[in-house]
Every structure is written in structure tokens, then in C-alpha cells.
Amino acid sequence: MAGKPSESLGRVAYVNARLVDPASGLDAPGALLTEGEVIADFGAGLFAEGVPEGIKVVDCGGHCLIPGLVDIRVQLREPGDEHKGTLASGGRAATAGGITTMVCLPNTNPVIDDMSVVEFIARRARLLGLTKVYCYGAVTKGLEGRALAEMGMLAEAGAVAFTDGVKAVGDAQVMRRALSYAGTYRLLIVQHPEESSLAEDGAMNAGETATRLGLQGIPRAAEIIIVERDIRLVEMTGGRIHFAHVSTAEAIEAVGRAKARGLNVTCDTAPPYFALNETAVGDYRTFAKLSPPLRAEADRQAVVDGLKNGTIDAIASDHAPHDEDAKRLPFAQAACGGIGLETLLPVSLEFYQNGQMSLTDVLRLLTCAPADVLGLRAGRLEKGLPADLTLFDPDRAWKVVADDLLSKSKNSPFDGRPVQGRVLRTVVDGRAVYGREG
Amino acid sequence: MIDGASDTVQFAHRHLLGIEGLSPDDITLLLDRSESYVEQNRQIDKKKSVLRGRTIINLFFEASTRTRTSFELAGKRLGSDVINMSVSTSSIKKGETLIDTAMTLNAMHPDVLVLRHPDAGAAKLLSEKVNCAVINAGDGSHEHPTQALLDALTIRRRRGRLQGLMVAICGDIVHSRVARSNIHLLNTMGARVRLIAPRTLIPEGVERLGVEVFHDMRQGLEDCDIVMMLRLQIERMHGNFFPSIREYFHFFGLDYEKLASAKPDALIMHPGPMNRGVEIDSEVADDFGRSAIREQVEMGVAVRMACLELLTLNQPEAEQRNL
């Protein structure tokens, strides 16, 4: 699967496709031509007279050909925690999930707070030739929440935005300076919205279920407080913020109000927060131990509404691989997080299957919308753009079996879930990097 | 000319606490008077007797080399007696003790108190408690009027005017009294002021003082006649305002590459002390063709002579003072 020189790619015609491009609103039968690494042409009338000689033909069988998915929140664990996942294992899982661009968190070892780590990841990912990998730089050195990291130089090295990963920037003065300093270079800060002093002792959402299970709760307010605080800081500094994986009604409301006031505030959520609720914890299932924790049904419903009305800008997988040692523990001691690269598309497609959203609207949340949050040149069908494409059958039913997933770690909160929507082929820079027979 | 002219000039203020509030005429008077001392300071005999019999006390609550020396020389060259009092900040308490010290000194009948203090407003407070003239030699992040005057004198001598010039002030604006005094002076005299710094080093609402703010050196320096660099005042920073010296220098340190955006003959200035490799590249700092940094120091003595002279001449006769 390693990348080959572009000269050998030639021209490839994807015919008999249902072209869906959420950015332009296109949803029509047609064909697409790639030349080398880029999209050369596409449209309903393309190859109506047949495909000329010398062009390789891929019959899409009437399935959906879309811009490859853009996943703006993944943990790849390399460098530092290769026993949980690697750029290669994450890359393979991503291609199987139809993801052609992903952005990894800086909570590696060493932390991505130095230009050399940005360059290391870029080089390794390029050599692998799988899904494209961009990275976030750290907001603070060592993710310690105190001294600012070299955001200006990290951005020059290629970091697309800045976050302390699975930790919030907790100190208000540090966050103020971070937003202000990042604003110098028009950089985006991505916040994990959680007041750690309220959350650190908790294991799941505070409430009846936590009480019955005898687990310490994480109050919803832990999220709401940081979202509301940071919106004030954005207003004060003129900075830009994006809240990752929002999970509570009030946090979403706060983002909606901030947007209405014209502030530079965006947010995303992840499939567990609209497809599951705290009952998934059931009998101490550690695969359902996530951060933020799965919330009660009313919050899940608020996340669904936020996605439908546009308050939530994008869906990200929040892929967080953990080996068995980190999960086969008493619930309170187990690590937080679940894998999500291979379930991102089918779980999101439930909105389409159950009639809550059009196919275009669901796909927008997975392609051009997340790309726009980070200003990435991806997630849309456009002549001259890199040929990053996903072919999938939106109706194909399958069952998530964690052990069958390509991810190195198998901690999926969706294990056993029947889903619809199967990726058939994934193309990165004109090269097929994933194909499923039959 | 020097001694004779003093009868005809009148400075309209009792103290020099800041540039804010001075009129273009006030500033022009101070600069014209300073100009006359530049030549005198280049003579072998530098001593005059304009302030003979007067007492000047330098009261410094912060470390200082150039400013204190400059005031001391200025006072001595005018024939006055100069006393230096350096008070280390660690050994005094603020507020009450400042006033106590001032009252003690006041009882010794000085004619001018020159105060440097780490807190904004200290010179104003002192001026309300003593009978003599007070010159602010730097109060916290508020003002440093003689620095702005010596900068203006340097520019005026090099460019012949202040009116219409484009001046960029770059670096740690938020903590800088030099920047504030210069903003007031340059605006009063019709120059245009730009501030260039990362957002964390730009104080809130500074646009209201009549400046344009830039966060990119190349953009900000475009078409500038004068480039003033400021030192990063690490000692005044609580928490961090920027990630590292190397990142700061990369984006905001003045080197030839960034300087190329300014006018080809743009003058480089720095109030000192310089941190080479932090806010300014050594090559640029030492470029005698472009850099006026040493000239600024020279102008400092002349400017302080003019300030001491004009303020003392302006004083009521000793017997009318509340003695």
C-alpha cells in the first residue's frame, strides 16, 4: 500500500457513481476522472459517450462517490504508545473507515510541542501513504497548562491548530494568553471543555446511574463552565476557539448564542454522544467509559438537535485507542476513550437511515464542514484538488465486531451494534489505499 | 545664547510628570532648549552656572544606569549640586514609605526631585507632597517623558521634523512606559504611530491612544521612517506572554530581513538596555549607518539639562515657597 510515484498513476475514471459533494450540494449520478494525484473532472455528463482508451475504469456500481471523510480528532499514539496504536494501524483503520484526512492530538510522547515532532509525524505518515495525517500542536509546553508552547513556529512547521488534547487548558489567565497569543497568527485553539477540578474524581456522568453503580459522577457543569468561560475569553481577546466533543445541552446553547453574537466559536461532537447515552455503561462496561462521559438521554437529544440545526459544526471520531490492560480494570481505574475511525461513517449515517437528515447533510458534517473548521484544503469535490475519495454503499448492513476492526486496539463503544453503510474503496491522492471486495 | 535665552522662555508646568497633557509648544520649547545644549556637551568645558546653588536629588527605586547618570551629568553641567539616592525595592515598602522618604528629602530643600519608581503614578503622588519640581524618570509602565523627548530630539536632528513621519514601536508595549510617552509625544507632534507586537504584548484599548496595531513585523514596518525597538521587560511579566525567546526573535526580533520592509533609510532606535538576539539582531544594532542608539544616549543629557533648567527657572522664588 506504500505510495508510488504519481507518474505511474495515470488517469482513472470512476464511472456509474452517485456523486455526492456536500460543499456544492451536488447529488447526482455521474462519473469522476482523476489524473495523477488530483481530480481532473467530474459531473453527470462525463463519459456519457464512454471512457476513452488508455484510462483505467473503476465501476462504482451506482454507489456513493464522495470526497473522503475529514476526521479532526484522533489519537494515533505514535510516537510513544505504539502498543496502543501506530500511524500505520491508525492509517489502515482510517482508510477502512473512508477517512482520507485526519488530525491527531498532541498527547504523544514526546508531546507535539516541538517542531521536530510535527515533522516526524508528517514524514512518517507521508511514507506510509495511507490516510493523510495533520497534527495539532500543544497549547502549553508538555501539556502542563502553564507555559505557552511555540505556537507560531509550530504552525510554520505544519501544526493546523492548537490544543492540549484530552486535557483542558484550565487556568483562565493561561487560556486568555493562549487565545490572545494564537490570535497574533490567527491560529485556532481547540479546547477539551472540562473543568478538571470538577471532573477528576469522577468516572461517569453524574446522576442516578452513577449513584446506583456507586461511581463518582462528573457533573455536566464541568463542561458548561469551561464553554461559557472560554466564550467570555474569546470575546475579550478576539481569539478563535473550537470546542471538541460537546455533550451537554447548555454547552451547545452557549455555543449557539456565541455564534449569534458573531464570535469565532465552533464545536464538534463524536458519534457516542448522539448514538449512545449513559445506560451504555450498563454493568461497568469500560468500553463505554469516555471523556466527556456518556450523558443522559436529554443531553443526547440536545446533541442530535445541535447537529440538525447547525449549532454543532462537525462530527469527529474522537478515536482513542487503548490496549486491554488499560480497559480491563475496575471501572473507576480504566482509561477513558473509545476507537471510532471505522464506525464514524456508519453510525453517523443513522441520521440518514432514520430520516432525520438528508444524506448530503450527514456527509457535510464529515467532509467539508470539519475541513472548514481547520481551514484544510479537503473534504470537497473540486477540479485540481487532491483526489481524496471514498466510495461507499449507504445501505449495506453489517454488524460492528470489535475484533474484526483493523484498529490495533479494539475498545469500541459500538461493539455488537448493527449498522448500515459500508466503505468499498478509499482513494488518497489518486491511489486506492483501501478496497473491499463484494 | 544659552544663558541669555533663558530669560525669555517659560515652561508652563511646575513638574514634568508625563508627556500626556503637554502641548506642541511645550514640547517644541523643550526640544529647542535641548538642542542648544547638544553642542555645549561636545565642548571641552561643559560646565555652565545656570543652576548654581540649586540642589537636585535623584531618587531611584529601580536599578538604572543610563537615566540616573544622565540626570546626574545634566545637573552637574548646569552647576547644581546633585545627590543620588538609590533605594532597592526589596528593602522598602511601597506607598507610605515613598511619602515618608519624600517628606524627609523635602525638608532638605531640594529644587528638583528626579524620581524613578516601579509603580505607575508614583511621581504624581510625590509631586502632591513636596514643594519642589518633580521630574518623572519612569513610573512603572506609565510614562518616561525624558526618554520620549530624547527620542524626539534624535529624530528631529536626523530628519529635520517630526510631523508626518511614520514611526513603528515594536515589542513589549504592554509593560513599556517608553512606548506610552512616545505615543503621546509623536501624536502631539503630528507623527503617525504604529505598534507591532504579539497580541499578548499589546495593551487593551491602545488604539484609542491614536495608534495602528500590527501583529506582523513585515506588514507593520512597511513605509516606516523610524523603527523603535523595545526591550522585553521580563521582570514585569507575571505568567507568560510569549512561548520562548527563539520564537519571539523569529517573529518579532529586528533583523535585516524584516527591516527590509521599512523605508530604505529607516532609522533604528532603542531606549536601552538592549538584549541582543532577543528583540534586535546584533548586526542591526551595531549598524552605525542605520542605528541611532548611541546618539539617543547623547541626546539624553541635553534633554535632561533643558528639563532641569526650564523647571527650575519656572519656580517661584525660594522665599515664596512654603518654607
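Details of the structure are given in the entry above.
Please read these numbers as outputs of a predicted model, since none were measured by experiment.

### Considering the overall build of chain A
Check the secondary structure of chain A and you find 15 helices and 18 strands. At 21 Å, chain A has a C-alpha radius of gyration in line with the 22 Å of a compact globule built from 438 residues. Taken along the three principal axes of its C-alpha coordinates, chain A extends 65 × 45 × 45 Å. In chain A, which comprises 438 residues, the share counted as buried stands at 61%. Within chain A, counting contacts between residues at least 6 apart in sequence, those at least 24 apart form 74% of the total. On chain A, roughly 16,100 Å² of surface is accessible, and the fraction owed to carbon and sulfur atoms is 48%.

### Describing the overall build of chain B
Along chain B, the regular secondary structure elements total twelve helices and nine strands. The globule rule puts the C-alpha radius of gyration for 323 residues at 20 Å, and the 19 Å found for chain B is close to it. Projected onto the principal axes, the alpha-carbon positions of chain B cover approximately 60 × 45 × 35 Å. Taken across its 323 residues, chain B has 57% of its residues classed as buried. When contacts within chain B are restricted to residue pairs at least 6 apart in sequence, those whose partners lie at least 24 apart make up 75%. With an accessible surface of roughly 13,300 Å², chain B has 50% of that area assigned to carbon and sulfur atoms. The distance from the centre of the 39 positive side-chain charges to the centre of the 43 negative ones in chain B is 2 Å.

### Brief notes about the pairing of strand E5 (residues 166-170) of chain B
Residues and elements named next belong to chain B. E5 sits mainly inside the fold: five of its five residues count as buried. Of the two faces of E5, the one lined by Met166, Ala168 and Cys170 and the one lined by Val167 and Ile169 are each fully buried. Sheet topology note: the E5/strand E6 (residues 192-196) ladder contains five bridges and is parallel. Its bridge partner being in E6, Cys170 is matched across the sheet by Ile196. As a crossover connection, the stretch from E5 through helix H7 (residues 177-188) into E6 is right-handed. By the bridge criterion, four bridges tie E5 to strand E8 (residues 226-229) in an arrangement that is parallel. Each residue of the ladder has a partner; that of Val167, found in E8, is Ile226.

### A closer look at unusual backbone geometry
Residue Pro110 of chain A is bonded to the preceding Asn109 of chain A through a cis peptide linkage, with omega at 5 degrees. Mapped onto the secondary structure, Pro110 of chain A falls in the loop between strand E7 (99-104) and helix H2 (115-128). Note the cis peptide between Gly272 of chain B and Pro273 of chain B, where omega equals -10 degrees. With a phi close to 60 degrees, Tyr284 of chain A is a non-glycine residue in the positive phi region.

### A closer look at the packing of aromatic side chains
Residue and element names in this part refer to chain A. Taken as a whole, this structure holds six aromatic pairs over all chains when the rule is applied. Ring plane angle 40 degrees and centroid distance 4.8 Å describe the contact between Phe274 and Phe351, whose orientation is recorded as tilted. Separated by 77 residues along the polypeptide, Phe274 in helix H9 (residues 271-275) and Phe351 in helix H13 (residues 350-353) bring together distant segments of the chain. Accessibility expressed as a relative area gives 4% for Phe274, which makes it buried.

### Section: H2 of chain A
Its 14 residues place the ends of H2 of chain A 20 Å apart at the C-alpha level, agreeing with the 20 Å of an ideal helix rising 1.5 Å per residue. On its buried side, H2 of chain A packs onto helix H1 (87-96), E7, strand E8 (132-135) and helix H3 (151-157) of chain A together with helix H9 (245-252) of chain B. Gly129 of chain A sits one or two residues past H2 of chain A and shows a positive phi near 65 degrees.

### Digging into the sheet that holds strand E1 (residues 55-60) of chain B
Strand pairing in a sheet is mediated by backbone hydrogen bonds. Such pairs are either parallel or antiparallel. Residues and elements named next belong to chain B. Within the open sheet, the four strands sit side by side as E2-E1-E3-E4. Their pairing is parallel. On the outer flanks of this sheet lie strand E2 (81-86) and strand E4 (133-139), each paired with one strand and no other. With direction set aside, neighbouring strand axes in the sheet form an average angle of 15 degrees. By the bridge criterion, five bridges tie strand E3 (residues 112-117) to E4 in an arrangement that is parallel. In the sheet register, Leu113 faces E4, and the bridge partner there is Val134.

### Let's talk about empty space enclosed by the protein
Residue and element names in this part refer to chain B. Inspection of every chain in the model, using the stated rule, returns six cavities of 30 Å³ or more. In terms of lining residues, the largest cavity is bounded by Arg66, Thr67, Ser70, Gln147, Leu150, His270, Pro271, Gln296, Val297, Gly300 and Arg304. For the lining of the largest cavity, the secondary structure elements donating two or more residues are helix H3 (66-77), helix H6 (145-159) and helix H12 (293-313). Among the elements that take part in the lining of the largest cavity, H12 stands out by supplying four residues, more than any other. A class-by-class count of the residues in the lining of the largest cavity yields three nonpolar, six polar and two charged. Considering only enclosed or pocket space, the second largest cavity measures out at about 70 Å³ in volume. By residue class, the composition of the lining of the second largest cavity is five nonpolar, four polar and three charged.

Procedures and definitions
Residues numbered from 1 in each chain as written. Chains lettered and ligands numbered in written order. Predicted model: local features only at pLDDT ≥ 70, side-chain atom pairs only at ≥ 80, totals over all residues. Heavy atoms only, no water. Helix = DSSP H or I, 4+ residues; strand = E, 2+ residues; numbered from the N terminus. Rg over C-alpha atoms; globule rule 2.2 N^0.38 Å. Buried < 20%, exposed > 50% of the residue type's maximum accessible area, 1.4 Å probe, protein only. Contact = heavy atoms within 4.5 Å. Areas by Shrake-Rupley, 256 points an atom, 1.4 Å probe, with all protein chains shown as cover. Lys, Arg positive; Asp, Glu negative; His and termini not counted. Charge placed at Lys NZ, Arg CZ, Asp CG, Glu CD. Pairing = 2+ DSSP bridges. Right-handed = clockwise from strand over helix to strand, strands pointing away. Phe/Tyr/Trp six-rings, centres within 6.5 Å; stacked < 30°, edge-to-face > 60°. Expected span 1.5 Å × (residues − 1). Axes fitted to C-alpha atoms, helices over the stretch in contact; angles between N-to-C directions. 1 Å grid on protein atoms, 1.4 Å probe; cavity = no way out; pocket = protein on both sides within 12 Å on 5 of 7 lines; lining within 4 Å. Points joined across faces, edges and corners; volume = space filled by probe spheres on them. Nonpolar A, V, L, I, M, F, W, Y, C, P; charged D, E, K, R; others polar.

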